[in-house]
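Breakdown of the fold
Given next are the chains, with one letter for each unit.
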Amino acid sequence: MKGLISGIKRMEIHDGDGLRSTVFFKGCPLKCLWCHNPESISFAPQNAKFKEKCISCGSCIGKSDEDAASICPVSAIVRYGTEYESDELVSILMKDAEFYKNSGGGVTLSGGECLAQSTFATELARKLWEKGVSVYVDTCGYVKRDVLEGIIPYTDVFLYDIKAIDPAVHKICTGKDNGTILENLKYLSEMGCDIEIRYPLVTGYNDGECERIGSFLKDLKGIRKIKVLQYHSFAASRYEALGMENTLPKTKTEIADVERAVSILKSFGLNALNGINED
């Protein structure tokens, strides 16, 4: 079985506990305005062309997209979307097994939305679990219930995005209603799963949702922590390189905004943290 992967990052420290390898799956059902992984939105392979890196060597002329990316001498062309067999991917990820073991880390399945390729994601998680590797699943929660049922046995922690509680706000920001997302979070809680909430704070868009989020989460079981993530627009160059419309909000979220949100969430008895400093 094959899965389409946009990238693999080793030695990650922000995608769960310890040192981790993060596998970014291609494709996502949501269209978040502030998405900082635009290369993972589409379900199809893409080439990103970074004009500022191009040295006009001509090596890519007449080549297919896949070949152009592989032969570019200065990485001005980057291919996002490579097919892997599950065993092939496990072999790559197991190269860092000692780092996982010694740091309390493991592998995080991310995206895009990793569970949009549910059969492959579950097979990959199972094979890693069978080798004793900790698996975290980073999800937006916009998936069918049976997908969660299938991957729960092989998942140590769910990293679960909550962008808004108000369905109208959520739809404006992501293009989708959040009913399924909230119901799936309740389900994971009822099933005794360990959950870490990610709340991307975007001033002027979902900062008014903080109290609603606190009220919704306060009675759920299994919520280990909630990280408030400071919005940034660093991905702007990738939107341009991919030829995609840049939807990144022209706003600035200050550290003070994050700290204010952390304080509000703590008032609901939640273990809320600044997602960057974690203090």
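Below: a short report on this structure. The numbering scheme is per chain: residues are counted from 1 as the chain's sequence reads. With the structure being a predicted model, the display of local features is reserved for residues of pLDDT at least 70 and the display and counting of side-chain atom pairs for 80 or more, all residues being used for whole-chain, interface and lining totals. Heavy atoms throughout the structure, all of them, feed into the side-chain values; hydrogens and water do not.

With that settled, consider the overall build of the chain. Numbered from the N terminus, helices here are DSSP runs of H or I no shorter than four residues, and strands are runs of E no shorter than two. Counting its secondary structure elements, the chain contains 10 helices and 11 strands. We compute the radius of gyration from the C-alpha atoms alone; for a globule the expected value is 2.2 Å times N to the 0.38, where N is the number of residues. Computed over C-alpha atoms, the radius of gyration of the chain comes to 19 Å, within 12% of the 19 Å expected from 2.2 N^0.38 for 279 residues, which places it in the range of a compact globule. Dimensions of the chain, computed from the C-alpha atoms along their principal axes, are close to 60 × 45 × 35 Å. Each residue gets one of three labels from its accessible area relative to the maximum for its type: buried under 20%, exposed over 50%, partly exposed in between, using a 1.4 Å probe on protein chains only. When burial is assessed residue by residue, the chain has 50% of its 279 residues classed as buried. Summed over all atoms, the accessible surface of the chain reaches about 13100 Å², with 50% contributed by carbon and sulfur. Under the convention used here, Asp and Glu are negative, Lys and Arg are positive, and both His and the chain ends fall outside the count. Charge placement uses NZ in Lys and CZ in Arg. For Asp and Glu, CG and CD serve respectively. Averaging the positions of the 34 positive and the 39 negative side-chain charges in the chain gives two centres separated by 2 Å. Under the convention used here, a 1.4 Å probe and the Shrake-Rupley method define accessible areas, while residue burial counts only the protein chains that appear.

Before going further, it helps to examine the pattern of salt bridges. Every case where a carboxyl oxygen of Asp or Glu lies within 4 Å of a side-chain nitrogen of Lys or Arg is listed as a salt bridge. Summed over all chains, the structure comprises 15 salt bridges. The salt bridge involving Glu196 is made with Arg198; its shortest N-O contact spans 2.7 Å. Each member of the pair Glu196 and Arg198 is classed as buried. For Arg260, the salt bridge goes to Asp257, with nearest N and O atoms at 3.0 Å. Separated by three residues within a single helix, Arg260 and Asp257 lie in helix 10 (residues 255–266), roughly one turn from each other. Bridged by salt links that share partners, the residues Asp17, Glu196, Arg198, Arg224 and Lys227 form one connected network.

Describing an aromatic ring pair means giving the distance of the ring centres and the angle of the ring planes. The aromatic pairing rule takes the rings of Phe, Tyr and Trp, using the six-membered ring of Trp, and pairs them if the centres are within 6.5 Å, calling planes under 30 degrees apart stacked, those over 60 edge-to-face and the rest tilted. Taken as a whole and assessed by the stated rule, the structure comprises two aromatic pairs. The ring of Tyr136 carries Arg20 above its face, with NZ or CZ at 3.7 Å from the centroid. Working rule: Lys NZ or Arg CZ, within 6 Å of ring centre, within 35 degrees of ring normal, means a charge sits over the ring. Of note, Lys53 hangs over the ring of Phe50, and the distance from its end group to the ring centre comes to 5.2 Å.

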